[in-house]
Amino acid sequence: MISTTNLNGIAEKTTGSFAIYKLKQTQKVFRRRLWAQPDRHTLSKEEYYKTFPNDLYEDESNKYKWEKETKVLEKPFDTGSKTEYDLATELKNLKAGVYVIEANCKDKFGEDIKAFEYITLFNKNNNELPEQVADWFYMPNNRFEPNDKASFILASAYPNVNYLYEIEHQGIAVNTQWQQASMKTNEILIEEKHRGGLSFHTSFIKNNRFYQHTNTITVPYTNKELDIQFETFRNKLLPGQAEEWKLILKDKKGEKAAAEMVASMYDASLDAFKANN
């Protein structure tokens, strides 16, 4: 979606174009820096890499400073006619990697306006890592129902990385195993007993750095949710008049549910003094 607004957040119609560039990232894999980035260097980059082959020299892992490698797509846009553009077909054919979407237009005063959005493309059907990083983690969703499958990917640009994988439920590790880091999708079958939630942990050590992920999977008690509807309701009554209201209770599947209910009534004029809460 492309939207153009002024400083007050009011939509402004304009025309322009956007282009997608593949970014050129380093092929080296760096470990996390344990100290602040220096502002001066006594060694050249080549000398530094020979002495410290796993460490950052400057800001090599900052994607916002990577050079543009190739332009893969360019299209015009007009926010006066539409704001949504479907690029699924074009993106599907691109290689895995980090890309930047650059949009250009002019405001009503003729000033150039630019906007940038960074995206990461990858294919779950092959083992091509989109970024040359030590720890690449992806989990698209964390809320599930029983019989669903939670999924995640943990990959590394380092070769032959094995990580400890633990599933925890109600404070107990119910499954512990070693797995190889790759672009393969890992799945966790959600069962009825998992309502209330569970979590899983991944951890490994490489080049004197510890990498860990802890993720909570939410499995709500939707089987206990009720939908309350009034079948008959009259809100205009005379003093002393007897009245009957009927309610329908349904579960999450829309079927009738047996439940106990407590109803209360109060004088609405009291809201003038303090709202009912």
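My aim in this report is to walk through the structure given alongside it, one point at a time. (Residues numbered from 1 in each chain as written. Predicted model: local features only at pLDDT ≥ 70, side-chain atom pairs only at ≥ 80, totals over all residues. Heavy atoms only, no water.)

### Section: the overall build of the protein chain
Item 1. Along its length, the protein chain carries two helices and 13 strands.
Item 2. For a compact globule of 277 residues, the expected C-alpha radius of gyration is about 19 Å, and the protein chain comes in at 28 Å, more than 25% above that figure.
Item 3. Overall size of the protein chain, expressed as C-alpha extent along the three principal axes, is 95 × 60 × 40 Å.
Item 4. In the protein chain, of all internal contacts separated by at least 6 residues, the share reaching a separation of at least 24 is 59%. (Helix = DSSP H or I, 4+ residues; strand = E, 2+ residues; numbered from the N terminus. Rg over C-alpha atoms; globule rule 2.2 N^0.38 Å. Contact = heavy atoms within 4.5 Å.)

### Details of the packing of aromatic side chains
Item 1. This structure, assessed with the given rule, holds 15 aromatic pairs.
Item 2. Ring centres of Phe204 and Tyr211 lie 4.9 Å apart, and the angle between their planes is 25 degrees; this geometry places the pair in the stacked category. Of the two residues examined, Phe204 and Tyr211, each falls in the buried class.
Item 3. Taken together through their ring pairs, the aromatic side chains of Phe30, Tyr48, Tyr49, Phe52 and Tyr57 make up a single cluster.
Item 4. The ring of Tyr49 has Lys28 sitting right over it, with the charged end atom 4.8 Å from the ring centre.
Item 5. Lying across the ring of Tyr158, Lys206 places its NZ or CZ 5.7 Å from the centre. (Phe/Tyr/Trp six-rings, centres within 6.5 Å; stacked < 30°, edge-to-face > 60°. Buried < 20%, exposed > 50% of the residue type's maximum accessible area, 1.4 Å probe, protein only. Lys NZ or Arg CZ within 6 Å of the ring centre and 35° of its normal.)

### A closer look at the environment of Ile119
Item 1. Tracing the backbone through its elements, the reader meets Ile119 in strand β4 (residues 112–121).
Item 2. A relative accessible area of 22% means that Ile119 is categorised as partly exposed.
Item 3. Spatially, the C-alpha atoms of Ile119 and Ile101 are 7.7 Å apart, while their sequence positions differ by 18 residues.
Item 4. Those residues in contact with Ile119 that lie beyond four places of it in its chain are Gly97, Val98, Tyr99 and Ile101.

### Here's the deal with the side chain of His169
Item 1. Here His169 is to be found in strand β7 (residues 162–169).
Item 2. When its relative accessible area of 12% is taken as the criterion, His169 is described as buried.
Item 3. The residues contacting His169, other than those within four sequence positions of it, are Val174, Lys193, His194, Gly197 and Leu198.

### Digging into the pairing of strand β10 (residues 198–206)
Item 1. Of all nine residues making up β10, seven are buried, and the element is well covered by its neighbours.
Item 2. Where β7 and β10 come together, five bridges link them in antiparallel fashion. Paired with Glu166 across the two strands is His201, which belongs to β10.
Item 3. In sequence, β10 turns back onto strand β11 (residues 209–217) through a hairpin of two residues, with Asn207 there showing a positive phi of about 50 degrees. (Pairing = 2+ DSSP bridges.)

### Describing the pattern of salt bridges
A side chain of one charge can pair with a side chain of the opposite charge when the charged atoms of the two come close.
Item 1. Applying the stated rule across the entire model yields eleven salt bridges.
Item 2. Where Glu69 meets Lys22, a salt bridge forms, and the shortest distance between an N and an O atom there is 3.8 Å. Pair noted here: Glu69 is in strand β2 (residues 67–78) and Lys22 is in strand β1 (residues 15–24), with a separation of 47 residues, a long-range link.
Item 3. Exposure remark for Glu69: the relative accessible area of 45% places this residue in the partly exposed category. (Salt bridge = Lys/Arg side-chain N within 4 Å of Asp/Glu carboxyl O.)

### Side note on the sheet that holds β10
Item 1. Spatially, β8-β7-β10-β11 is the arrangement adopted by the four strands of the open sheet, whose pairing is antiparallel. In this open sheet, the two edge strands, each paired with only one partner strand, are β8 (172–180) and β11. The mean inter-strand angle of the sheet, taken between neighbouring strand axes irrespective of direction, is 15 degrees. (Axes fitted to C-alpha atoms, helices over the stretch in contact; angles between N-to-C directions.)

### Overview of the nonpolar core
Item 1. Judged by nonpolar contacts, the single largest core of 21 residues is most densely connected at Phe152, Tyr163, Tyr165, Ile188, Ile190, Phe200 and Ile217.
Item 2. Sorting the residues of this core by element identifies β6 (149–155), β7, β10 and β11 as the ones contributing at least two each.
Item 3. Judged by nonpolar contacts, the second largest core, of eleven residues, contains Ile2, Phe18, Leu87 and Leu121. (Core = buried A, V, L, I, M, F, W, Y, C linked by side-chain atoms within 4.5 Å.)

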